[in-house]
Amino acid sequence: MGGWLVDGPGWRWVFLLNVPLALVCLPVALRHVPESRDPRQSGRFDVLGAFLGAAVLALVTYALVDGVPAAGAAGVVACVVLVLVERRRAAPMLPPAVFRNRLFTATNLVTLCVYAAFGGFFFLTALQLQTVAGYSALGAGTALLPTTVLMLLLSGRSGALGQRIGPRVPLTVGPLLCAAGMLLMLRVGEDASYPRDVLPALVVLGLGMVTLVAPLTATVLASVDAGRAGLASGINNAAARAAGLLAVAALPLLTGMGPEAYRSSGQFQDTFRQAMPMCAGVLVLGAVIAWTAVRAPGAAAAGEGPAAEPECRLHCGVSAPPLEAACDRPGTKPSEAP
């Protein structure tokens, strides 16, 4: 759809794409999605926390995109102020205490690594296929569909596997498979063959995403009590979106890519060949964090509290929330499942 908009009506229309989807999702959510509340919260909205969080992202991104050191310094200051403010507020948007949970913190660090790599990969690969391989925008978008198809077909099995063996192995193996897929994309050049060069890389990447994404989200939700599920999901999604945003802003700077590279096949190819190993390296870092810091199911025996067991078995997209069956939710009887 994005490729069709770029080739047809224009890329600016993409900002309206969420409007009809939201109009469908709102009534569906109100009717079918169960509510969860944290009894410890007052219900007041943390306006100052929300403003400071947005300011941090805006300033850091602006500094990376336009190379303005003063904006970066202001972003760091805003981040420090955000932490101090949230520690003192009675009902903070981002309670610092939640990060005392080692599993929650470790899983969010893995999220930062994984989605930074995903953000950089999909942004640059779509352009690589157009600028270097000669695809149209619609063709580039269509070429990337195998990752989505694999997620749709196999995420249920991946979620079930994660529930049986725990999160540590999927969160380690998944990023490594994704890293291998990104390195395979280095074969894509001016004379790239889709079946020979593009498709194998996307299949390996898609299998890594299948292995990783559902257990990642499920582990975050399982690491906190039910009353804080919304908070945990919100923090994890914010971490994922922020990681992708910062990666897209930082990679051109790190690879020395100028504005003219978007119109030059040779220059963009050089940028792509530098960026893919960087994305793969960030994924390897995520795998190392998962292996060393994410607890195995037997961790409860060591006195560290209950082990996380993924509950969400279905996951249909990189940016989508999990599809969790009613029988998997705490407090719901199997007979109440749809």
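See the structure printed just above.
Residues numbered from 1 in each chain as written. Predicted model: local features only at pLDDT ≥ 70, side-chain atom pairs only at ≥ 80, totals over all residues. Heavy atoms only, no water.

Give a description of the overall build of the protein that names residues and reports values.
A tally of regular secondary structure across the protein gives 11 helices and 0 strands. Element order for the protein, N to C, with α for helix and β for strand: α-α-α-α-α-α-α-α-α-α-α. Across the 338 residues in the protein, those meeting the buried criterion constitute 41%. Partitioning the contacts of the protein with sequence separation of at least 6, the portion at a separation of at least 24 is 75%. Carbon and sulfur atoms provide 67% of the accessible area of the protein, an area that totals close to 17400 Å². (Helix = DSSP H or I, 4+ residues; strand = E, 2+ residues; numbered from the N terminus. Buried < 20%, exposed > 50% of the residue type's maximum accessible area, 1.4 Å probe, protein only. Contact = heavy atoms within 4.5 Å. Areas by Shrake-Rupley, 256 points an atom, 1.4 Å probe, with all protein chains shown as cover.)

Kindly report on the packing of helix H5 (residues 102–131) against helix H11 (residues 265–293), identifying the contributing residues and their values.
It is at 9 Å that the axes of H5 and H11 come closest, and there the two elements cross at 165 degrees. Compared by their axis directions, H5 and H11 come out roughly antiparallel. Crossing of H5 against H11: the hand is left-handed. (Axes fitted to C-alpha atoms, helices over the stretch in contact; angles between N-to-C directions. Parallel < 35°, antiparallel > 145°, perpendicular 65-115°, else oblique. Left-handed = near helix turned anticlockwise from the far one by under 90°.)

Pulling in residues and values, what's your account of the packing of aromatic side chains?
Note on aromatic pairs: each is described by the distance of the centres and the angle between the planes. Counted according to the given criterion, the structure contains 6 aromatic pairs. With 5.1 Å between their ring centres and 80 degrees between their planes, Phe121 and Phe122 make a pair best called edge-to-face. Judged by its relative accessible area of 22%, Phe122 is partly exposed. Judged by centre distance (6.2 Å) and plane angle (45 degrees), the ring pair of Tyr262 and Phe268 falls under tilted. (Phe/Tyr/Trp six-rings, centres within 6.5 Å; stacked < 30°, edge-to-face > 60°.)

Before we move on, could you go through the side chain of Gln128 and cite the residues and values that matter?
Checked against the element boundaries, Gln128 lands in helix H5. A relative accessible area of 0% places Gln128 in the buried class. Reaching out from Gln128, the side chain makes a polar contact with the side chain of Gln269 at a distance of 2.4 Å. Setting aside chain neighbours within four positions, we find Gln128 in contact with Ala133, Val188, Phe268, Gln269 and Phe272. (Polar contact = N/O pair within 3.5 Å; in protein donor to acceptor, adjacent residues only side chain to side chain.)

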